[in-house]
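Fold and geometry: a report
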Amino acid sequence: MNGSGDLFRSVSGDAHRPLAARMRPRNLAEVRGQSHLLGPDRALRRMLEGGGLSSCIFWGPPGSGKTTLARLLADRADAAFVSFSAVTEGVARVRGVIAEARERLAAAGRRTILFCDEIHRFNKSQQDAFLPHVEDGTIVLVGATTENPSFEVNRPLLSRAPVFILEPLSAADLREILLGALGDGERGVGQSGLDWDDAAVDILAAGADGDARRALGALEVAADLAGPGGRIDAGTAREALQHRSAHYDKSGEEHYNLISALHKAVRGSDPQGALYWLARMIRGGEDPRYLARRLVRMAVEDIGLADPLAIRIAVAAWRAYDFLGSPEGDLALAEAAVFLATAPKSNRLYRAWQEALKAAEDTGSEPVPLHIRNAPTPEMKAWGYGRGYRYDPEAPGGVAAQHYLPDALLGTRFYRPGSMGFEARIAERIAWWERRRGKAGPADASGDTPKAPRPRHEQEGAG
């Protein structure tokens, strides 16, 4: 195998290139991470070792090795490698690449890998431009995306290009990459005579957040700050990282993953998880007002009447943030998140509302029972509007034996309170009222009204 060695030629005298580009792995042995794809007998490893080519999609976060693996595929198969950016180039450029690939295949029998970076930036019709040329073998398409391809890549293309999911690199992987660059005098920074603290390498590896390109970029800055023959210590490493935030795209899939994690931590009564995911989103630049709205939703959807204070706390946190702004107002959101996570949970109200909406849709023409109709005119009274209605506050015990649903829905229960927190007391009230109305057994002869549920802080076993 001759290989496209020009892709990985020595970079001596090419020090102007970024460190991340200089340190790009030249062979499979230099690749770090992705053991689930590159381990023994894994499909991608077999493809790389066998020099076979097939179209595929690499889905993973920045700096996880998508471009490197595409280049290695081309190198192992002695194929031409053409890089294309869906951000800066369009379908016209695709046509040019296709024409060149066809000529190359006809003249020398050499195949072409078209590496389409950020393929999700192409709309579905633009992606269709690849299909006939993938099918007839003119090109091997390798797409790279940071977004979920099941949402962003059209189905015909996905059926022809299997998806390989890349994971963020571990801190241990990044540490190996950094140490390799520090010790490499040809491609790395080894020729600078630098010394370094192990703690500094650990800080750079942790701060890169799984991104090899970010780790090497920060190392390059740290090396410049230390100067030739200098020392990279913990302070230099932190300065080089410049407190860069974790990868977070407010409009991408990661946004939905993180808000899902926050919501489920609250629902699962885990205040530690709730605080962590809230902090991740705020540090990532999420609009705190969006988070406040989601907290209100959690209060009504997952807690409901198990703790009526929940919605008050959530709305108060929203208003407090509007009043204070960041960073002081962030603490109000944190307080609400912890309160909601530690509150008793019930989705009974949510389910009751869904059932009531469905019943309203199915029985939208059911007439209002005569006894609870309004009767503002003599004629309406003569027609029986309001006849037999009893005013509950004046009935014995404050409950009249009458119903309030259409006849077709008599006996229907939408809301069935649970046993957590405040809802346990609500259940007692409903049972008492139903007994008084003669719907759930004999009437309560005592005439006593049920006690009002106590505030949350006075309840026993509220959590």
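The structure we're discussing is the one just above.
Below you will find a few notes about this structure. (Residues numbered from 1 in each chain as written. Predicted model: local features only at pLDDT ≥ 70, side-chain atom pairs only at ≥ 80, totals over all residues. Heavy atoms only, no water.)

Backbone hydrogen bonds hold the strands of a sheet together, and the pairing may be parallel or antiparallel. With parallel pairing, the five strands of this open sheet are ordered in space as β2-β3-β4-β1-β5. Each edge of the sheet is formed by a strand with only one pairing partner; in this case those strands are β2 (80-85) and β5 (163-165). Within the sheet, the average angular offset between the axes of one strand and its neighbour, ignoring direction, is 20°. Sheet topology note: the β2/strand β3 (residues 112-117) ladder contains six bridges and is parallel. Across the sheet, the residue bridging to F81 is I113, located in β3. The strands touched by helix α5 (residues 91-108) within the sheet are β2 and β3, with β2 carrying the most contacts at an inclination of about 175°. (Pairing = 2+ DSSP bridges. Helix = DSSP H or I, 4+ residues; strand = E, 2+ residues; numbered from the N terminus. Axes fitted to C-alpha atoms, helices over the stretch in contact; angles between N-to-C directions. Contact = heavy atoms within 4.5 Å.)

Now for the side chain of D211. The topology assignment puts D211 in the loop between α11 (198-207) and α12 (212-226). Separated by 3.0 Å, the side chain of D211 and the backbone nitrogen of R214 make a polar contact. Excluding anything up to four places from it in sequence, D211 contacts P62, G63 and L174. (Polar contact = N/O pair within 3.5 Å; in protein donor to acceptor, adjacent residues only side chain to side chain.)

A word on helix α16 (residues 288-303). Here α16 spans 21 Å end to end across 16 residues, near enough to the 22 Å set by a 1.5 Å rise per residue. Summarising burial for α16: twelve of the 16 residues are buried, a large majority. Within α16, the full set of buried residues consists of P288, Y290, L291, A292, R294, L295, V296, M298, A299, E301, D302 and I303. If you check the start of α16, you find a side-chain oxygen 3.0 Å away from the backbone N of R289, and it comes from D287. Where α16 ends, the next residue or the one after it, G304, has phi of about 55°, a positive value. (Expected span 1.5 Å × (residues − 1). Buried < 20%, exposed > 50% of the residue type's maximum accessible area, 1.4 Å probe, protein only.)

To continue, consider the pairing of strand β1 (residues 56-59). Judged by which residues are buried, β1 turns out to be covered on both faces: C56 and F58 on one side and I57 and W59 on the other are all buried. Pairing analysis gives four bridges linking β1 to strand β4 (residues 140-145), with the strands arranged parallel. Across the sheet, C56 pairs through a bridge with V142, a residue of β4. Bridge analysis of β1 against β5 gives three bridges, and the strand direction is parallel. Directly across from F58, in β5, lies its bridge partner F164.

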